[in-house]
Amino acid sequence: MRISETILAGFLFTLGCQSVAWAQEASGQSRGLLPPRPIPGIALPEPEDGAVGEPAPLAGGRAIAAPPSGPAAHTALPLAPFTSARDALKAWMRDSSAGDQVGAVRALEFAASRGHLAAQFKLGRVYASGDGVPVNDLKAFEYFSKIADENADQIPGTSDARIVASAFVALGGYFLDGIKGTYVKPNADRAFDMFHYAASYFGDSDGQYNLARLYMNGTGAQRDPRQAARWMKLAAEKGHAPARAVFGDMLLRGGDGVPRHPILGLMWLALAREGADETREGWIVERYDAAFAAASPADRTAALALVERQQVAGRGGRR
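Keep in mind that this is a model prediction, so the values were computed, not measured.

Cut-offs used in this document
Residues numbered from 1 in each chain as written. Predicted model: local features only at pLDDT ≥ 70, side-chain atom pairs only at ≥ 80, totals over all residues. Heavy atoms only, no water. Axes fitted to C-alpha atoms, helices over the stretch in contact; angles between N-to-C directions. Helix = DSSP H or I, 4+ residues; strand = E, 2+ residues; numbered from the N terminus. Parallel < 35°, antiparallel > 145°, perpendicular 65-115°, else oblique. Left-handed = near helix turned anticlockwise from the far one by under 90°. Contact = heavy atoms within 4.5 Å. Buried < 20%, exposed > 50% of the residue type's maximum accessible area, 1.4 Å probe, protein only. Phe/Tyr/Trp six-rings, centres within 6.5 Å; stacked < 30°, edge-to-face > 60°. Nonpolar A, V, L, I, M, F, W, Y, C, P; charged D, E, K, R; others polar. Expected span 1.5 Å × (residues − 1). Salt bridge = Lys/Arg side-chain N within 4 Å of Asp/Glu carboxyl O.

Peer 1: I'd love a proper account of the packing of helix α10 (residues 225-237) against helix α11 (residues 241-253), names of residues and values included.
Peer 2: Where α10 contacts α11, the axes come no closer than 8 Å and their chain directions differ by 140 degrees. Comparing the axis directions of α10 and α11 gives the class oblique. Crossing of α10 against α11: the hand is left-handed. Where α10 abuts α11, its residues Pro225, Ala228, Ala229, Met232, Lys233, Ala235 and Ala236 lie against Ala243, Arg244, Val246, Phe247 and Met250.

Below, the structure is given as structure tokens:
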């Protein structure tokens with residue numbers, strides 16, 4: 001069974017029109033393309049008395065995350081005698097390949113202390129995951145804060161901008177949950193600012209996905225399913241597999257100001273299934289299987305025809 005080109009065009013036109021409507025509505029309801037505070041991420045809650053890692057005070061009583069001040073601040077290891085950040089990064093790659101995690105972290109600390117952006121971000125990830133060092137979320141938070149504070153105006157689309165956007169997204173996650181035993185307390189408003197900045201200024205798909213989740217749940221902002229759909233769609237169009245799955249599910253269900261489009265919903269779920277990492281995103285596979293099992297044969301055929309059309313268009317764009 002084949003679906004006609006006229007029907008296919010109709011579905012695509014419908015979604016396009018709805019996208020315009022969401023964008024127009026969002027322009028009047030969101031907080032704007034940039035967050036209201038000058039540089040999101042630097043204004044943190046005041047620490048409690050005796051808190052670990054107290055931040056430096058700012059004028060007006062605000063505080064910023066105490067920036068990492070080099071290897072000596074975060075490790076008992078002596079400062080490695082590297083001649084430059086590039087030399088240190090070469091040592092990091094060599095030591096990582098050899099399984100020398102201590103040497104690798106020492107090299108990263110040196111490069112980060114010399115202002116190397118990628119090294120600072122990598123160290124944040126290292127401390128967040130405990131890759132070669134004890135897990136220390138506060139140190140990770142401080143590295144990400146330093147990146148966000150000093151590089152928020154990076155030109156979008158560059159490799160450095162992608163690093164900065166990822167730092168904002170990481171900060172958003174920390175503000176959502178807080179870091180137990182530190183001055184970083186749960187703060188939904190600040191989480192919104194982090195995700196919104198990454199999503200709007202940098203156009204980051206992780207930021208867009210997380211911002212959409214906040215709008216869906218009414219966390220840090222008034223619950224707004226239409227705004228959630230708008231941001232989720234933007235992330236989905238960038239190939240973000242979780243966003244594709246959630247957006248597809250939203251179109252399957254409809255309601256709350258989001259139009260119901262079962263065939264388009266199945267299409268996005270199918271695209272999400274193709275890009276999902278089954279070891280980490282098994283829920284996408286489950287949602288895809290359940291949706292296609294419940295769909296009519298006609299809807300499944302139409303959705304898969306749209307998927308094929310999207311794939312063909314994607315291959316043509318890469319030539």
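Peer 1: Please set out the side chain of Ser205 residue by residue, giving values where relevant.
Peer 2: In this fold, Ser205 is placed in helix α9 (residues 205-217). You can call Ser205 buried: its relative accessible area is 19%. The residues touching Ser205, leaving out its near neighbours within four places in the chain, are Ala235, Lys238 and His240.

Peer 1: Can you lay out the packing of aromatic side chains for me, pointing to particular residues and giving the numbers?
Peer 2: Applying the stated rule across the entire model yields 14 aromatic pairs. An angle of 65 degrees between the planes, with centres 5.3 Å apart, marks the rings of Phe82 and Phe110 as edge-to-face. Here Phe110 lies in helix α4 (residues 101-113) and Phe82 lies in the loop between α2 (71-74) and α3 (85-98), a separation of 28 residues in the sequence. Assigned by exposure class, Phe82 and Phe110 land together as buried.

Peer 1: So what's going on with the packing of helix α12 (residues 262-275) against helix α13 (residues 282-294)? Which residues, and what values?
Peer 2: The interhelical angle for the contact between α12 and α13, taken along N-to-C directions, is 145 degrees, at an axis separation of 9 Å. Seen from above, α12 lies across α13 with left-handed handedness. Residues Leu266, Leu269, Ala270, Ala272 and Arg273 of α12 form the contact with α13, whose participating residues are Ile284, Val285, Arg287, Tyr288, Ala291 and Phe292. Classifying every residue of the contact of α12 with α13 gives 9 nonpolar, no polar and 2 charged.

Peer 1: Describe in detail α4, supporting the description with residues and values.
Peer 2: Between its first and last C-alpha atoms α4 spans 18 Å; for 13 residues at 1.5 Å apiece the expected length is 18 Å, and the two agree. Buried within α4 we find Gly103, Ala104, Val105, Ala107, Leu108, Glu109, Phe110, Ala111 and Ala112.

Peer 1: I'd like a rundown of helix α6 (residues 137-151), residues and numbers included.
Peer 2: Helical geometry: 3.6 residues make up each α-helical turn, so side chains three or four residues apart lie on a common side. Over its 15 residues, α6 runs 21 Å from end to end, which matches the ideal 21 Å to within 8%, given 1.5 Å per residue. For α6, a buried count of 12 out of 15 residues is recorded, marking the element as mostly surrounded by other parts of the structure.

Peer 1: Account for the side chain of Asn151, naming residues and giving values.
Peer 2: Examined against the element boundaries, Asn151 turns out to sit in helix α6. When residues no more than four places from it in sequence are discounted, the contact partners of Asn151 are Leu117, Lys146, Val164 and Phe202.

Peer 1: So what's going on with the pattern of salt bridges? Residues and values would help.
Peer 2: Tallying each qualifying case throughout the model produces 8 salt bridges. A salt bridge links Lys146 to Glu150; the nearest nitrogen and oxygen atoms lie 2.9 Å apart. Of the two residues, Lys146 and Glu150 are both situated in helix α6; the distance of 4 residues between them amounts to about one turn of the helix. In this structure Lys146 comes out as buried when scored by relative accessible area, which is 18%. On the basis of relative accessibility, which here comes to 47%, the residue Glu150 falls in the partly exposed class. Of the charged contacts, one joins Asp193 and Arg190 as a salt bridge, the two residues approaching to 2.8 Å between their closest N and O atoms. With Asp193 and Arg190 both in helix α8 (residues 188-200) and 3 residues apart, the pair spans about one turn of that helix. A single burial state applies to Asp193 and to Arg190, both of which are buried. Linked through salt bridges whose partners overlap, the residues forming this network are Asp249, Arg253 and Arg287.

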